[in-house]
Protein chains: 2
Amino acid sequence: MSLIVKKFGGSSVANAQRVFNVANIIIEDFKKGHDVITVVSAQGDTTDDLIDKALEINPDGASKREMDVLLSAGEQISISLLAMAIEKLGYPVISLLGWQAGFNTDSHHGFSRIKTLNTERLKNEIGKHKIVIVAGFQGINRYDDITTLGRGGSDTSAVAIAAAMKADLCQIYTDVDGVYSADPRKVDTAKKWDEITYDEMLELAALGAQVLNNRSVEMAKKYNVELEVLSSLERKPGTIVKENIKMEKTLIRGVAKDTNVTRISVIGLEDTPGVAFKLFNKLAQAKVNVDTILQSVGRDGTKDITFTVPSDQCKTAKEALESATNILTYKEISSNEKIAKVSIVGAGMESNPGVAAKMFEALYDAGININMISTSEIKISVLIDVDYADKAVKAVHDAFLG
Amino acid sequence: MSLIVKKFGGSSVANAQRVFNVANIIIEDFKKGHDVITVVSAQGDTTDDLIDKALEINPDGASKREMDVLLSAGEQISISLLAMAIEKLGYPVISLLGWQAGFNTDSHHGFSRIKTLNTERLKNEIGKHKIVIVAGFQGINRYDDITTLGRGGSDTSAVAIAAAMKADLCQIYTDVDGVYSADPRKVDTAKKWDEITYDEMLELAALGAQVLNNRSVEMAKKYNVELEVLSSLERKPGTIVKENIKMEKTLIRGVAKDTNVTRISVIGLEDTPGVAFKLFNKLAQAKVNVDTILQSVGRDGTKDITFTVPSDQCKTAKEALESATNILTYKEISSNEKIAKVSIVGAGMESNPGVAAKMFEALYDAGININMISTSEIKISVLIDVDYADKAVKAVHDAFLG
């Protein structure tokens, strides 16, 4: 007998039929003798509907405290409906709101972090052999005010419960049946993995393979919670995410692309100490997320710094730099939105120096020019022309996994 | 400077425009220097929409505990939207759920009663000079589970806060502008009262003049909370409900009719001791609300008992009696749904024995036959043919107040 924590997103409980589908998945495990705690998000578009109501009242944006009161009603509705479905099917069940389940957070309304999870009530209900349904995404702060963990926060709620309750497994149900080596809709040789490591999952998520919320994977890694990514529509095993996986002969775990990338070049910067610091400090103050950075020596005692940002932050980044001419001397700023980042991820590449060369060769054979390169221990990313992004993914995938 | 508690029903906050109307009413008093705590119900049809969702999951009716989780989300939405509107208008405000506002109830989910109201948080927020918005209709029990007070419970929430906080006034906003001597849509001489007593309000409410929830009036009387019934659409004084009102020369306060009445006669009952007890005990077990009762001596050593019940309980009542033939001997049961109860209410009639005669005379002059009569200290009711109900109300109203 195990303790299993399950998490279902909003689309999994979007209507009565889907609520019963989720109820049946839970009951299947409960009937096998497992204890089951299930975290659910708000139904389908409920969150968006509630946001619309708030915008109608205040188009400039309401206070985050009141937004949290409003939005947390969404999970309140979904947990009670799921509990009713399980009751209807004849099994013992109880729904708990975030505060009832013991989620204590800090006071950052809208994107709060869990400080402690008081498991007394959860243990109590599990002790009565009840199926427990918990509202994801929410908690209370020290003032007893409702907080939310931000979008995707239900994954974090589930992992936190799994960690605190020392669950045997935390299953995250999605609309895909696992983690693939590439987008299976675009690469027909894409392979589904039985197991991947936390770090691989983190790198893949950061690259736009939005299967799991990143914060939840970090938490799972920290507390060594075994995750499974699986489909709520099909009954088959998904992909297990854990620290030590059985070795496979593969070097890389996935090929991902990110087209929400803009490259910004600052040309002809004065070549004095502290220039890079001043530049990126200015961007940090403007809350711009800088990704890949390349610095090259320019001509006439100047240097060029090139970096990438999410495309929607390009304007903010340029404005920040243009307002910094009192501390930064440079010739010009140029930007290019027509680029994509293609990356390979794999814990296996750490001990295999030939991986980068193999990736570049594949791109060369496909006639694709590389703009910039960046690497981490388990990831290699290249920036290329956006028009070649899909072709590049396929070429690289075929070279390693074809 | 006073402390004013206000209560707005669901139709008063049904859309963004109405939410702002309520916000402005609150702000008007706040700007005068008053402290304001406002209780709101769920928006317009939210409660019905949520009930529909539950019925879709379980047409047989979900558990009351989970229904309370579901339904209480309705006020959670409305309090946050109202708070957002007040924020938008530039005034300090905070919304509180039932449990945050300190409502501790018993565990009768769906129709719980307030046990204690912990005013610490309310006092704290008022102390910070904030407008406080409280979710009506809800609280938590000793297990930290959400409970609801049942429909109309928001009135009770408001009165409970007014009592516990020793408020100077509790204003209940409705879609009528006060308490009238008769339905003003039907009786053109109907008079709006400046003041009436709690007992008069209770009798009028019991007679179908559904301006205020009865439980809330009882609580207001018990804790001596001054109520005002007024319109959320017009800015003018309503009707004050309190214990001692200034004397007016009127004998009666209102004429009301109730057409949801069925008369049931049990004919030829054995005339032995305990028959009435057995009969009404059986009805009580079947949860039938018996109103007017008339017992008459029949023929041949038998007696007849006639009583009225709400029309929707007629079937239950007859079935209960038909299943009781082992303990009750009678000849037949007959029922008549085509009747109405017309009543006059007024604290002034206690010391005026001529009131009943005057009422009967008015009905006689209008050619209306009286079926049954019942009286209390401040109320006289007659049962008549339903077709004459409106005519009877007008005739009686004209006799006393025309």
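Residues numbered from 1 in each chain as written. Chains lettered and ligands numbered in written order. Predicted model: local features only at pLDDT ≥ 70, side-chain atom pairs only at ≥ 80, totals over all residues.

**Student:** Whenever I open this one, the overall build of chain A confuses me. Can you help?
**Tutor:** For chain A, the count of helices and strands is 11 helices and 18 strands. Its C-alpha atoms put chain A at 80 × 50 × 30 Å along the principal axes. With 402 residues in all, chain A has 48% of them scored as buried. Sequence separation of 24 or more characterises 74% of the internal contacts of chain A that already satisfy a separation of 6 or more. (Helix = DSSP H or I, 4+ residues; strand = E, 2+ residues; numbered from the N terminus. Buried ≥ 20, exposed ≤ 12 C-beta atoms within 10 Å, placed from the backbone. Contact = placed C-beta atoms within 7 Å.)

**Student:** I keep staring at the relation of the copies chain B and chain A and nothing clicks. Help me out?
**Tutor:** The relation between the two copies of this chain is a rotation about an axis and a shift parallel to it. Taken as rigid bodies, chain B and chain A are interconverted by a rotation of 180 degrees and an axial shift of 0.0 Å, the fit giving an RMSD of 0.2 Å. Such a combination of turn and shift is consistent with a two-fold rotation axis. Scanning chain B for the C-alpha nearest the rotation axis identifies B:Ala73, at a separation of 2.7 Å. By residue overlap, the copies meet face to face through one surface: 100% of the interface positions of chain B are interface positions in chain A. (Least-squares fit on C-alpha atoms with pLDDT ≥ 70 in both.)

**Student:** Quick question: what am I supposed to make of the interface of chain B and chain A here?
**Tutor:** Size of an interface, as often reported, equals the accessible area lost when the parts are brought together. Taken together, the contacts link 27 residues of chain B with 27 residues of chain A. Taken together, the elements giving at least two residues each to the side of chain B that touches chain A come down to α1 (16–31), α2 (46–57) and α3 (64–88) of chain B. With 14 residues, the single largest contributor to the side of chain B that touches chain A is α3(B). For the side of chain B that touches chain A, a count of residues per class yields 15 nonpolar, six polar and six charged. (Nonpolar A, V, L, I, M, F, W, Y, C, P; charged D, E, K, R; others polar.)

**Student:** Honestly, the domain arrangement of chain A in this entry has me stumped. Any pointers?
**Tutor:** Domains assigned within chain A are domain 1 (3–174) and domain 2 (254–401). The gap between the C-alpha centroids of domain 1 of chain A and domain 2 of chain A is 38 Å. (Domains from an automatic or database assignment.)

**Student:** What exactly am I supposed to notice about the pairing of strand β1 (residues 3–8) of chain A here?
**Tutor:** Every other side chain in a regular strand lies on the same face of the sheet, so the side chains alternate between the two faces. All names here are of chain A. Counting buried residues in β1 gives five out of six residues, a clear majority hidden from the surface. Pairing between β1 and strand β2 (residues 35–40): six bridges, direction parallel. Bridge pairing in β2 places isoleucine 4 opposite valine 36. Once you follow β1 into helix α1 (residues 16–31) and on to β2, the crossover reads as right-handed. Sheet analysis places β1 next to strand β9 (residues 169–174), joined by five bridges and oriented parallel. Counted as the bridge partner of lysine 7 is isoleucine 172 from β9. (Pairing = 2+ DSSP bridges. Right-handed = clockwise from strand over helix to strand, strands pointing away.)

**Student:** Quick question: what am I supposed to make of the packing of helix α2 (residues 46–57) of chain A against α3(B) here?
**Tutor:** Axis angle and axis distance: for two packed helices, these are the angle between their axes and the distance between the axes, and together they describe the pair. Between α2(A) and α3(B), whose axes approach to 9 Å, the crossing angle comes to 30 degrees. With respect to α3(B), the axis of α2(A) lies roughly parallel. As α2(A) runs across α3(B), the sense of the crossing is right-handed. Each of A:Leu50, A:Lys53, A:Ala54 and A:Ile57 in α2(A) lies in contact with α3(B), whose residues at this interface are B:Ile77, B:Leu81, B:Met84, B:Ala85 and B:Lys88. (Axes fitted to C-alpha atoms, helices over the stretch in contact; angles between N-to-C directions. Parallel < 35°, antiparallel > 145°, perpendicular 65-115°, else oblique. Left-handed = near helix turned anticlockwise from the far one by under 90°.)

**Student:** How should I be thinking about the environment of A:Thr306 in this particular structure?
**Tutor:** Residue and element names in this part refer to chain A. Tracing the backbone through its elements, the reader meets threonine 306 in strand β15 (residues 302–310). Along the sequence, threonine 306 and serine 265 sit 41 residues apart, while their C-alpha atoms lie 4.2 Å from each other. Excluding its chain neighbours within four sequence positions, the residues that come into contact with threonine 306 are Arg263, Ser265, Leu294 and Met372.

**Student:** Help me understand the sheet that holds strand β12 (residues 239–242) of chain A, please; the structure alone is not making it clear to me.
**Tutor:** Strand pairing in a sheet relies on backbone hydrogen bonds. The paired strands run either parallel or antiparallel. Residue and element names in this part refer to chain A. If you trace the eight strands from one edge of the open sheet to the other, you get β3-β6-β2-β1-β9-β11-β12-β10, paired in mixed fashion. Two strands bound the open sheet, and with one partner strand each, they are β3 (93–96) and β10 (195–197). Taken over all neighbouring pairs, the strand axes of this sheet differ in orientation by 20 degrees on average, direction set aside. Both strand β11 (residues 227–231) and β12 contribute to a ladder of three bridges, which runs antiparallel. In the sheet register, glutamate 228 faces β12, and the bridge partner there is isoleucine 240.

**Student:** Please explain the sheet that holds strand β16 (residues 332–345) of chain B as it appears in this structure.
**Tutor:** Residues and elements named next belong to chain B. Spatially, the six strands line up as an open sheet ordered β14-β15-β13-β16-β18-β17, and their pairing is antiparallel. Each edge of the open sheet is held by one strand with a lone partner, namely β14 (293–297) and β17 (372–376). Averaged over all pairs of adjacent strands, the angle between their axes in this sheet comes to 30 degrees, without regard to strand direction. Note: β16 against strand β18 (residues 379–385), seven bridges, orientation antiparallel. Along β18, the bridge assignment pairs valine 342 with valine 382. Relative to strand β13 (residues 254–270), helix α8 (residues 275–285) is tilted by about 125 degrees, and along the sheet it contacts β13, β14 and β15 (302–310).

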